[in-house]
Amino acid sequence: MKFSINVDHVATLRNARGEVQPDPVTYALMAEQFGVDGIVVHLREDRRHINERDLRLLRELITTKLDLEMAAVNEIIEIAKDVQPELVTLVPEKRQELTTEGGLNVIDNIELYKNTIERLQESDIAVSLFIEPDLNQIDAAAEINADFIEIHTGVYANASSEEESFDELERIRQAAKHAKKLGLGVNAGHGLNYLNMKEFIQLKDVDEVSIGQAVIARSIFVGVEQAVKEMIDLVKRA
Ligand code: PXP
């Protein structure tokens with residue numbers, strides 16, 4: 001299993017006072033030095049954390065890979081085509097939400113996602129769809145030629161009982177297996193942390209996890225090096 005770090009919340013802290021520090025680009029470069037497999041940022045339409053300066057600097061400076069999370073809207077598609085991340089992860093985006101709240105409904109918006117995937121793939125950008133561990137949504141993703149799915153792990157992360165956590169992990173296991181059979185790459189993320197990753201790393205069909213909040217938060221207490229390396233050690237046990 002690989003681990004990409006989402007640095008959005010470094011930018012959230014920076015933007016809280018309109019200052020230049022802490023800089024998400026610096027954090028990303030440090031995380032690369034400590035061994036992460038990739039950098040993830042979400043360029044939102046409202047630019048609440050990551051901005052275009054961050055995205056373009058990351059594109060220039062990072063040496064692993066850049067995964068751009070974004071909504072399927074024209075303005076951001078054009079930016080993606082210009083910046084050329086290795087991967088775009090399409091996510092739903094609502095102005096009122098605190099963070100991404102759930103997966104895409106690919107089935108009901110098939111033309112929109114098909115068209116967006118085609119536009120990005122024309123520019124040699126691989127495309128991942130952030131979806132729930134739902135076999136029908138996975139079939140739809142494969143049908144419109146997505147390269148990857150990212151399984152939404154929010155329900156697993158927020159489970160309020162051991163039973164719910166176990167059931168959801170099983171659902172994710174089946175979803176990942178199904179996606180692999182259809183030839184899709186399988187990423188996963190949202191709400192994963194140092195505790196719930198202990199079980200999650202058993203999932204053999206998940207290629208990569210995308211984790212942000214837990215690692216950025218821990219960096220404040222123990223420093224970037226320790227926080228990043230602790231998660232790398234955990235993921236590498238898989
Ligand atoms: N994957 C996606 C699609 C996300 O939207 C987010 C949150 O920005 C993450 C992964 C990372 O979630 P967290 O910050 O809870 O680790």
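Right, let's walk through the structure included here. Given the structure is predicted, the values throughout are model-derived calculations rather than measurements. (Residues numbered from 1 in each chain as written. Predicted model: local features only at pLDDT ≥ 70, side-chain atom pairs only at ≥ 80, totals over all residues. Heavy atoms only, no water.)

### Points about unusual backbone geometry
As a reminder of what qualifies: Secondary structure elements follow DSSP: runs of H or I of four or more residues count as helices, runs of E of two or more count as strands, with numbering from the N terminus. Here's how the labels work: a residue is buried when its accessible area is under 20% of the maximum for its type, exposed when over 50%, partly exposed in between, all with a 1.4 Å probe on protein chains only.
With an omega of -5 degrees, the peptide bond between Q21 and P22 qualifies as cis. Relative to the helices and strands, P22 resides in the loop between helix 1 (8-16) and helix 2 (24-33). With a phi close to 65 degrees, D124 is a non-glycine residue in the positive phi region. Structurally, the position occupied by D124 is in the loop between helix 5 (110-122) and strand 5 (126-131). On the basis of relative accessible area, D124 is assigned to the exposed category, the value being 69%. Not every positive phi belongs to a glycine, and N145 is a case in point at roughly 70 degrees.

### Examining the sheet that holds strand 5
Short version of the rule: The pairing criterion for strands is at least two bridges between them, as found by DSSP. Here the axes come from fitting lines to C-alpha atoms, over the contacting stretch only for helices, and the angles between their N-to-C directions go from 0 to 180 degrees.
If you walk around this closed barrel you meet the 8 strands as 1-2-3-4-5-6-7-8, and the pairing is parallel. Averaged over all pairs of adjacent strands, the angle between strand axes in this sheet comes to 25 degrees, irrespective of strand direction. Alignment of strand 3 (residues 66-70) against strand 4 (residues 87-90), held across 4 bridges, turns out to be parallel. Residue pairing across strands places L68 opposite V88, the latter belonging to strand 4.

### Comments concerning the packing of helix 4 (residues 74-83) against helix 5
Keep this limit in mind: Relative orientations are named as follows: roughly parallel for angles under 35 degrees, roughly antiparallel for angles over 145 degrees, roughly perpendicular for angles from 65 to 115 degrees, and oblique for any other angle. Here is the rule for handedness: rotate from the far helix to the near one, and if that takes an anticlockwise turn smaller than a right angle the crossing is left-handed, while a clockwise turn gives right-handed. By definition in these notes, contact holds between two residues if any of their heavy atoms fall within 4.5 Å. Residues were grouped as follows: Ala, Val, Leu, Ile, Met, Phe, Trp, Tyr, Cys and Pro as nonpolar; Asp, Glu, Lys and Arg as charged; and all remaining residues, including Gly, as polar.
Running from amino to carboxyl end, helix 4 crosses helix 5 at an angle of 20 degrees, the nearest separation of the two axes being 9 Å. Judged on the interaxial angle alone, helix 5 and helix 4 are roughly parallel. Crossing angle aside, the handedness with which helix 4 passes helix 5 is right-handed. Together, N74, I77, E78, A80 and K81 of helix 4 and T116, R119, L120 and E122 of helix 5 make up the contact between the two elements. Its residues assigned to classes, the contact of helix 4 with helix 5 shows 3 nonpolar, 2 polar and 4 charged.

### A closer look at the packing of aromatic side chains
As a reminder of what qualifies: When two rings of Phe, Tyr or Trp (its six-membered ring) have centres within 6.5 Å they constitute a pair, described as stacked for plane angles under 30 degrees, edge-to-face for angles over 60, and tilted for the intermediate range. A positively charged side chain is recorded as over a ring if its NZ (Lys) or CZ (Arg) lies within 6 Å of the ring centre. The angle to the ring normal must also be within 35 degrees.
One pass over the full model with this rule turns up 1 aromatic pair. Taken together, a centroid distance of 5.7 Å and an interplanar angle of 40 degrees make the contact between Y156 and F200 tilted. Note that Y156 is positioned in helix 7 (residues 154-157) and F200 in helix 9 (residues 197-200), a separation of 44 residues in sequence. Judged by relative accessible area, F200 falls into the buried class, the value being 0%. The cationic tip of R218 hangs over the ring face of Y194; the distance from NZ or CZ to the ring centre is 5.6 Å.

### Examining a nonpolar patch on the surface
What counts here: Think of a patch as exposed residues, more than 30% relative accessible area, with no salt bridge, where like charges cluster within 9 Å and nonpolar side chains (Val, Leu, Ile, Met, Phe, Trp, Tyr) cluster within 5 Å. Throughout, the Shrake-Rupley method with a 1.4 Å probe supplies accessible areas, and for residues the shown protein chains are the sole cover considered. For salt bridges, the criterion is a side-chain nitrogen of Lys or Arg within 4 Å of an Asp or Glu carboxyl oxygen.
There is a patch of nonpolar side chains on the surface, built from L13, I220 and F221 and spanning about 390 Å² of accessible area. For I220, the location among the structural elements is in helix 10 (residues 213-222).

### Points about the nonpolar core
In a soluble, globular protein the nonpolar side chains are often hidden away together inside. Where we set the bar: Only buried residues count toward a nonpolar core, which is a set of Ala, Val, Leu, Ile, Met, Phe, Trp, Tyr and Cys residues joined through side-chain atoms within 4.5 Å.
One finds L129 and F200 to be the most contacted residues of the largest nonpolar core, which totals 72 residues. In this structure L129 touches L90, L104, V106, I117, A141, I144, A146, F148, I149 and E150, once residues within four positions along its chain are discounted.

### Overview of the environment of G189
With respect to the element layout, G189 can be found in strand 7 (residues 185-189). Taking the C-alpha atoms as reference, G189 lies 5.3 Å from T153; in sequence the two are 36 residues apart. If near-sequence neighbours (up to four positions away) are discounted, G189 is found in contact with F130, E150, I151, H152, T153 and S210.

### Considerations on the pattern of salt bridges
Throughout the structure, instances matching the rule amount to 18 salt bridges. As a salt-bridge pair, D82 and R56 come within 2.9 Å of each other at their nearest N and O atoms. Residue D82 is located in helix 4, and its partner R56 is located in helix 3 (residues 52-61); the two are separated by 26 residues in the primary sequence. The shortest N-O distance in the salt bridge between K114 and E118 comes to 3.6 Å.

### Focus on the pairing of strand 5
Worth spelling out the cut-off: Handedness is read with the strands pointing away from the viewer; a crossover is right-handed when the path from the first strand over the helix to the second is clockwise.
The buried count for strand 5 comes to 5 of 6 residues, which makes it a mostly enclosed element. In this structure, strand 4 lies alongside strand 5, joined through 4 bridges in parallel fashion. Within strand 5, the residue paired with T89 across the bridge is S128. Bridging between strand 5 and strand 6 (residues 148-152) involves 4 bridges; their strand directions are parallel. In the strand pairing of strand 6, L129 is matched with I149. With respect to chirality, the unit in which strand 5 leads through helix 6 (residues 135-143) into the neighbouring parallel strand 6 is right-handed.

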